[in-house]
Amino acid sequence: MAPDAELVFVHLSQPQRPDLHSLGDSVRLLEALDFIFRYADQQPCVVSLSIGSHGGPHDGTTLAERGFDAAVAAAPGRAICQSAGNYRNSRHHARRRLSAGETWALTWETAHDPRRGDELEVWYPGSDELGVELTAPDRSSQTRVGLGGEESIQIRNRVVGRLYHRSHDPNNGDHHIDIFLYRDAPHGEWQVRLTGRRVQDGRVQVWAERKGAAVQSRLEGPGTTRRGTVGTIATGRGSLVVGAYDSHHPASGPAPFSSMGPTRDGRAKPDVVAPGVEVLAASSNWRTGNNNERKSGTSMAAPMVAGLVACMFEASPGLSMNDIRRLITTNAQAGRAGQQRIGRGRVRPERSVSAAANMRSTTIRRRPENTSTEPETERLLHIPTTTVPPDGLAAWQDLIRFVLPRPAAAVLRRTTTGARPHPIGAGWGPINLDFYGVEVQRLPPSVTAAWLLQHMRLNLNQFLDTTNTRFGPYNSASWRVWTSPRPVGAAVHIDFSPFGLNVDDGTVVCSQSETDNWIFSTIWTPRDGNHPVSGNRMFGFSQRGGSLVFFTMGADRLTTALDWSAERALGLPFRAADALWRSFQARLVGDIRRRGGAAHGLQPLSNRYSWPVVRRLHAGPSPRSATIRLP
């Protein structure tokens, strides 16, 4: 479709890491997307995604889908085409409307697979409450769990899985039942019984997670349906979702395997259909000696539409994702099948490209050199910002302008292979400036301010609520540097686990260490990837009047589209960081008082400011050291 296009490939699977050998999770998907759009820079770019699975809320609220939506909305010249999935006949979905007191019994049939277990998901409105009961194939045990609880699935005193009943998912507010069976769990016909305890809405939907064609678990019983079988991450609002039809037989309808809508919140999917049956394409298996082969699936249809979008960008480079969607869908050929099978119809490439060419004369604002500096991006982020910073902002000036000094960079290169900084200027959206202080009227006996600061550095987790965030060694070489009297250049790993889910981790480097302060700067590492924010954070103490003030203060911005999505959906990382540093205040006060001193926490400061305004106010050479100036 677009023979002269430049191609960029990102391999999501990691066979050397069995735990990451999959079709991609939200972290790797969005980091791959971010890499591609950064690589494309100001060139128009379309990404084809032919991946997905069965589970999930199917309402466009996953972090991956929100990241897709945010990425294409950030600038013109960006598009994403996704396959709808080949799951229409896979018997993995069931739906029903329950009334109060009614019980819905489903059979979940699993097959033996020595490599991985099985998973079943149930989603229902947050206004309702269901009871769930799981019965083993031999009927020897039943597992029940109420809303908000979790239980081990046991057969003859052997744990073979876990059953979770999550209350009010943070992305959509709905309830979520998730059943995991381990690899050694017995296979056969498991019985799932859902009972309406408190019902206002009653709509319940069930998905058996994807495994493989030969070992895929299936659902039997009332309510099983071919509707609502669009893939997990193909229910967002920004991407163009593509189903398949047989172009060899023009009179035929959509391909029988092509997944169909609606989404769980009632929207039609796919958006359009394209050729996806026995498509002649380049072979990726060089061992066969064949350069081409024929394949069927929506994974063949989506790349065809991605090529069409590339041609449309050539005709009119400034098109937005909304323009692309409108031009393709309005020029599609409607068919007899309904919107839940074919969307707006079969794509018509010539008409779509011609319509794009007719828009070329329309003035569309192209993406600036750094999208993150645009006030529009801050509006899209939906993060409240203060446009004009107050005079007291000068206290953060050195942190805003601070860059990794050469001595620290040299140590980092020796101890942490492949690490590289990602400074504030490379981030997204507004800048976060915060200050969390503890005023010390009296230090404990025999304790000096310098000793207390060093004690905090060497025992940082003792001064934080580590429920969701924990600091630790990146590797042994870095840890030896970090625990030495001169910690500059040491990489420190941060384990982020909001809501008990290890969604992402990060790494920082000790970029400055003085008697009265040290600074963490965010870096990229091969193991942890990007830190969720880009910037600098200082820990230190300073004299103010007749008292000492111990503090942490930071200057940072969101790093990628994933972090953008997490902040919009969950309040991560800014609101989560606020809770973490408030715990730092409370625990430091408690430690000082237990040792016989006197201290109290100061009112925290935490605000987001327009990055273009802050950058103009604090323009100048980047300092290689930062001094303490309390706000």
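Predicted model, so just to flag it, every value in this text is computed and none were measured.

(A) Just the sheet that holds strand β3 (residues 93-97), in detail. The strand order across the open sheet formed by six strands is β3-β12-β5-β10-β9-β8, and the pairing between neighbours is antiparallel. Looking at which strands have only one partner, the edges of the open sheet turn out to be β3 and β8 (150-155). Each strand of the sheet is rotated relative to its neighbour by a mean of 15°, with strand direction disregarded. Two elements, strand β5 (residues 118-124) and strand β12 (residues 203-208), share four bridges in a ladder whose sense is antiparallel. Its bridge partner lying in β12, Glu121 is registered against Trp207.

(B) Up close: the sheet that holds strand β1 (residues 45-49). The strand order across the open sheet formed by four strands is β1-β2-β14-β15, and the pairing between neighbours is parallel. Of all the strands in the sheet, the pair left with one neighbour each is β1 and β15 (272-275). Across the sheet, the axes of successive neighbouring strands diverge by a mean angle of 35°, strand direction being ignored. Sheet topology note: the strand β14 (residues 240-245)/β15 ladder contains four bridges and is parallel. Following the sheet pairing, Ala244 is matched in β15 by Ala274. Running at roughly 155° to β1, helix α1 (residues 26-40) makes contact with β1 and β2 (78-83) of the sheet. This element, helix α2 (residues 63-73), spans β1 and β2 of the sheet and lies at about 150° to β2.

(C) Spatial organisation of the pattern of salt bridges. Applying the stated criterion to the full structure yields 25 salt bridges. For Asp59, the salt bridge identified is with Arg264, shortest N-O distance 3.2 Å. Note that Asp59 is positioned in the loop between β1 and α2 and Arg264 in the loop between β14 and β15, a separation of 205 residues in sequence. For Asp59, a relative accessible area of 7% translates into the label buried.

(D) Region of interest: the environment of Gln205. Note on placement: Gln205 falls in strand β12. According to the relative accessible area criterion, Gln205 is buried, its value standing at 8%. Setting aside chain neighbours within four positions, we find Gln205 in contact with His93, Ala94, Arg95, Glu121, Val122, Trp123 and Arg264. A distance of 2.9 Å separates polar atoms of two side chains, one belonging to Gln205 and the other to His93.

(E) Broad picture of the nonpolar core. In terms of nonpolar packing, the biggest core is built from 47 residues, with Phe68, Val305 and Ile328 touching the most fellow members. Counting residues per element, this core draws most heavily on helix α3 (residues 298-315), at ten residues. Once residues within four sequence positions are removed from consideration, Ile328 is found in contact with Leu240, Val272, Val305, Leu308, Val309, Met312, Val347 and Ser352. The next biggest cluster of nonpolar side chains, apart from the first, holds 34 residues, and it includes Val438, Phe496, Phe520 and Phe539.

(F) Layout of the pairing of β2. Along β2, six of the six residues are buried, which leaves the element largely enclosed by surrounding structure. The alternating pattern of β2 places Arg78, Ile80 and Gln82 on one face and Ala79, Cys81 and Ser83 on the opposite face, and all of these are buried. In this structure, β1 lies alongside β2, joined through five bridges in parallel fashion. When the bridges of β2 are listed, Leu49 appears paired with Gln82. Considered for its hand, the β-α-β crossover made up of β1, α2 and β2 is right-handed. As defined by bridge partners, β2 adjoins β14 across three bridges and the pair is classed as parallel. If you follow Ser83 over to β14, its bridge partner there is Val242.

(G) Structural context of helix α6 (residues 349-358). Along α6, the residues that are buried comprise Pro349, Ser352, Ala355 and Ala356. The arc enclosing the buried residues of α6, seen along the axis, measures out at 135°, which places them on a common side. Exposed side chains of α6 directed beyond 90 degrees from the buried face belong to Glu350 and Asn358. As for α6, its buried residues are in contact with α3 and α4 (321-330).

(H) Broad picture of the side chain of Thr552. Here Thr552 lies in strand β25 (residues 547-558). A relative accessible area of 0% places Thr552 in the buried class. In this structure the side chain of Thr552 is engaged in a polar contact, spanning 3.3 Å, whose partner is the backbone oxygen of Met538. Discounting chain neighbours no more than four positions away, the residues touching Thr552 are Asp434, Phe435, Tyr436, Arg537, Met538, Phe539, Trp581 and Phe584.

(I) Molecular detail of a nonpolar patch on the surface. A contiguous nonpolar surface patch, about 340 Å² in accessible area, is contributed by Val8, Val10, Phe35 and Tyr39. Considering the arrangement of structural elements, one finds Phe35 in helix α1.

(J) How the structure looks around empty space enclosed by the protein. This structure, assessed with the given rule, holds six cavities of 30 Å³ or more. By volume, the largest cavity amounts to about 70 Å³. In terms of lining residues, the largest cavity is bounded by 14 residues, among which Ala111, Asp118, Tyr182, Arg183 and Ala185 are the most central. Grouping the constituent residues of the lining of the largest cavity by class yields five nonpolar, four polar and five charged.

(K) Layout of the packing of aromatic side chains. For the structure shown, the criterion picks out twelve aromatic pairs. Centroid distance Trp518 to Phe539: 4.6 Å. Interplanar angle 10°. Geometry classified as stacked. In this pair, Trp518 sits in strand β23 (residues 517-524) while Phe539 sits in strand β24 (residues 533-544), placing the two residues 21 residues apart along the sequence. Considered together, Trp518 and Phe539 belong to a single accessibility category, that of buried residues. Seen from their ring centres, Phe539 and Phe584 are 6.0 Å apart, and the 80° between their planes marks the pair as edge-to-face. Placement of the pair is Phe539 in strand β24 and Phe584 in helix α13 (residues 574-594), with a sequence separation of 45 residues. Among the residues examined, Phe539 registers a relative accessible area of 0% and is labelled buried. Linked through ring pairs, Phe471, Trp482, Trp518, Phe520, Phe539, Trp581 and Phe584 together constitute an aromatic cluster.

(L) Highlighting the pairing of strand β11 (residues 188-198). Here strand β4 (residues 103-110) runs beside β11; their pairing, made up of eight bridges, is antiparallel. By the bridge assignment, Trp104 is partnered in β11 with Leu194. Bridge analysis of strand β6 (residues 129-135) against β11 gives seven bridges, and the strand direction is antiparallel. Across the sheet, residue Leu130 finds its bridge partner in β11, namely Gly196.

Thresholds applied
Residues numbered from 1 in each chain as written. Predicted model: local features only at pLDDT ≥ 70, side-chain atom pairs only at ≥ 80, totals over all residues. Heavy atoms only, no water. Pairing = 2+ DSSP bridges. Helix = DSSP H or I, 4+ residues; strand = E, 2+ residues; numbered from the N terminus. Axes fitted to C-alpha atoms, helices over the stretch in contact; angles between N-to-C directions. Contact = heavy atoms within 4.5 Å. Salt bridge = Lys/Arg side-chain N within 4 Å of Asp/Glu carboxyl O. Buried < 20%, exposed > 50% of the residue type's maximum accessible area, 1.4 Å probe, protein only. Polar contact = N/O pair within 3.5 Å; in protein donor to acceptor, adjacent residues only side chain to side chain. Core = buried A, V, L, I, M, F, W, Y, C linked by side-chain atoms within 4.5 Å. Right-handed = clockwise from strand over helix to strand, strands pointing away. Arc of directions from axis to C-beta. Patch = residues over 30% accessible without salt bridge, like charges linked within 9 Å, V, L, I, M, F, W, Y side chains within 5 Å. Areas by Shrake-Rupley, 256 points an atom, 1.4 Å probe, with all protein chains shown as cover. 1 Å grid on protein atoms, 1.4 Å probe; cavity = no way out; pocket = protein on both sides within 12 Å on 5 of 7 lines; lining within 4 Å. Points joined across faces, edges and corners; volume = space filled by probe spheres on them. Nonpolar A, V, L, I, M, F, W, Y, C, P; charged D, E, K, R; others polar. Phe/Tyr/Trp six-rings, centres within 6.5 Å; stacked < 30°, edge-to-face > 60°.

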